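Structural overview for review
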Amino acid sequence: MDPRKIQLPREIYTGPGVIGETGKICSELRFKGRVVVVTGPTTLKIGGEAAIESLQDEGFEVDQVTVREASMGDVKDVQDLLDTASLVLGVGGGKVIDVAKMAATLQGIHFISVPTAASHDGIASPRASIKNGEGTASLEASSPIGVIADTEIISRAPFRLLASGCADIVSNYTAIMDWKLAHRLLNERYSESAAALSLMTAKMIIRSADAIKEGLEESARLVVKSLISSGIAISIAGSSRPASGSEHKFSHALDVIAPRPALHGEQCGVGAIMMMHLHGGGWQFIRDALSKMNAPTNAYELGIDPEYIIEALTTAHTIRRERYTILGDRGLTREAAENLAKITEVI
Ligand SMILES: NC(=O)c1ccc[n+]([C@@H]2O[C@H](COP(=O)([O-])OP(=O)(O)OC[C@H]3O[C@@H](n4cnc5c(N)ncnc54)[C@H](O)[C@@H]3O)[C@@H](O)[C@H]2O)c1
Ligand SMILES: O=P(O)(O)OC[C@@H](O)CO
Ligand SMILES: [Zn+2]
């Protein structure tokens, strides 16, 4: 990505009921004709139908497609439908948004992000995490031209998804520490402003932990804005560095190894506890913050066998090798991984 360029969403709507204005918003953004709405199996009913109805009321011709995973195959399936489309909308969780975002990028048309859960910070980011043969690749994509975050829908999502989004933001702490380390050791390009925004977002969500309650529209709005802010830090940096370091390597490793991975943000939060200890920082601070948000803090709460935690710790350094972190080039030995997970009470 060109370090001189910062690509951001043009319009961001956050509030109860905004999904009912999807058609009007797309018209005001000067789109017309045929659009494609990408949803997940469950999010078609949760938000897709309302968005489609609003688009049709505004005179758009709408096609809908359902995706189940965030693989290159899913991206291609969506892209094959985009020939005469002027716009793609992704209505769902992180995987749906990433597939819609990547398909629009490859097709060279605009994308609007319509999150139905506040579970990840890909809502407004210019990245797409797409599964390839070995695992998950963080691909450069175009930022959404618009975000339509209906906080009424998001507040009704399972609270676990909201807590996962909070954990994804808390994990910015160790991502920034890894980025600083790589800047000092390897003179990697570092953006003070992106780092400051990312860290401020994490500090803010921790300070607001008591206000993040199940079923509250205000809580959904607070977390959505933080996730968008984290995605904007990624835009400013031109990479996911402000929000993805060794804790994300651990999560991506778990996605490959664990038979039943937990949610992305949940895994990154537990990864941040352990990586904070590796950085010599206060892991209890991270653990207590996650606990306050009812996000998982250990293997048991992730529903993942300790053996997979240890194995993911010993292989995490092999994920995206070019991104230097506290794991170094050789990663953790098995003994060191076991010690780390025990000291931080993850296993
Ligand atoms: N591109 C980026 O910058 C970025 C950033 C963070 C995460 N990600 C990616 O996002 C994915 C994680 O996203 P996720 O945690 O949302 O997982 P996900 O996309 O698998 O969604 C989790 C589940 O929540 C359900 N869901 C969504 N909204 C709902 C609602 N309102 N009510 C009930 N169920 C609802 C979905 O149907 C799905 O079953 C990972 O693939 C991760 O790599 C990408
Ligand atoms: O680049 P990756 O590691 O997919 O990270 C993006 C996002 O998960 C940061 O919260
Ligand atoms: Zn993340």
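Predicted model only: the values in this text are computed from it and were never measured. (Residues numbered from 1 in each chain as written. Chains lettered and ligands numbered in written order. Predicted model: local features only at pLDDT ≥ 70, side-chain atom pairs only at ≥ 80, totals over all residues. Heavy atoms only, no water.)

Looking at ligand 2, the residues that line it are Asp121, Ser129, Ser138, Asp168, Ser240, Ala243, Ser244, His248, His252, His264 and Arg320. Within the side chain of His252, one N or O atom sits 2.8 Å away from an oxygen atom of ligand 2. The protein chains hide 94% of the 300 Å² of surface that ligand 2 would expose on its own. Of all the cavities here, the one that holds ligand 2 is the largest pocket. Split by residue class, the shell around ligand 2 holds one nonpolar, seven polar and three charged. (Near = heavy atom within 4 Å. Polar contact = N/O pair within 3.5 Å; in protein donor to acceptor, adjacent residues only side chain to side chain. Areas by Shrake-Rupley, 256 points an atom, 1.4 Å probe, with all protein chains shown as cover. 1 Å grid on protein atoms, 1.4 Å probe; cavity = no way out; pocket = protein on both sides within 12 Å on 5 of 7 lines; lining within 4 Å. Sits in = over half its atoms within 2 Å of the grid points. Nonpolar A, V, L, I, M, F, W, Y, C, P; charged D, E, K, R; others polar.)

This part takes up the layout of surface pockets. The computed volume of the largest pocket comes to approximately 1200 Å³. As for the largest pocket, its lining consists of 48 residues, of which Gly93, Gly94, Lys95, His120 and His264 are closest to the centre. Residue assignment for the lining of the largest pocket shows that the elements contributing at least two residues are α2 (43–57), α4 (94–107), β6 (127–131), β7 (136–140), α6 (159–170), α10 (246–257) and α11 (264–278). Here the lining of the largest pocket takes five residues from β6, the largest share from any one element. The residue inventory of the lining of the largest pocket, partitioned by class, reads 17 nonpolar, 21 polar and ten charged. Lining the second largest pocket are 13 residues, and of these Glu134, Gly135, Val256, Thr318 and Ile319 sit closest to its centre. Counting residues per element, the ones that place at least two in the lining of the second largest pocket are β7 and α10. The greatest single-element share of the lining of the second largest pocket, amounting to four residues, is contributed by α10. Looking at the lining of the second largest pocket residue by residue, the classes come out as five nonpolar, six polar and two charged. (Points joined across faces, edges and corners; volume = space filled by probe spheres on them. Helix = DSSP H or I, 4+ residues; strand = E, 2+ residues; numbered from the N terminus.)

This part is about the UniProt feature "binding site: NAD(+)" (unreviewed entry) in the protein chain. The feature "binding site: NAD(+)" (unreviewed entry), as annotated in UniProt, sits at Gly94, Lys95, Val96, Ile97, Asp98, Thr116, Ala117, Ala118, Ser119 and Ser125 in this numbering. Among the annotated residues just listed, those that line the largest cavity are Ala117 and Ala118. Tracing the sequence through the fold places Gly94 in helix α4. Here Ala117 lies in the loop between β5 (110–115) and β6. (UniProt positions renumbered as here; feature names shortened; annotations may be inferred.)

Time to look at helix α7 (residues 172–186). Two residues of an α-helix separated by three or four positions point the same way, owing to the 3.6 residues in each turn. Here α7 spans 20 Å end to end across 15 residues, near enough to the 21 Å set by a 1.5 Å rise per residue. Burial in α7 covers these residues: Asn172, Tyr173, Thr174, Ala175, Ile176, Asp178, Trp179 and Ala182. Looking at the packing, one finds that the buried side of α7 touches α6, α8 (192–207), α9 (217–237), α10, α11 and α12 (283–292). Among the residues trailing α7, Asn187 stands out with phi positive, at a value near 55 degrees. (Expected span 1.5 Å × (residues − 1). Buried < 20%, exposed > 50% of the residue type's maximum accessible area, 1.4 Å probe, protein only. Contact = heavy atoms within 4.5 Å.)

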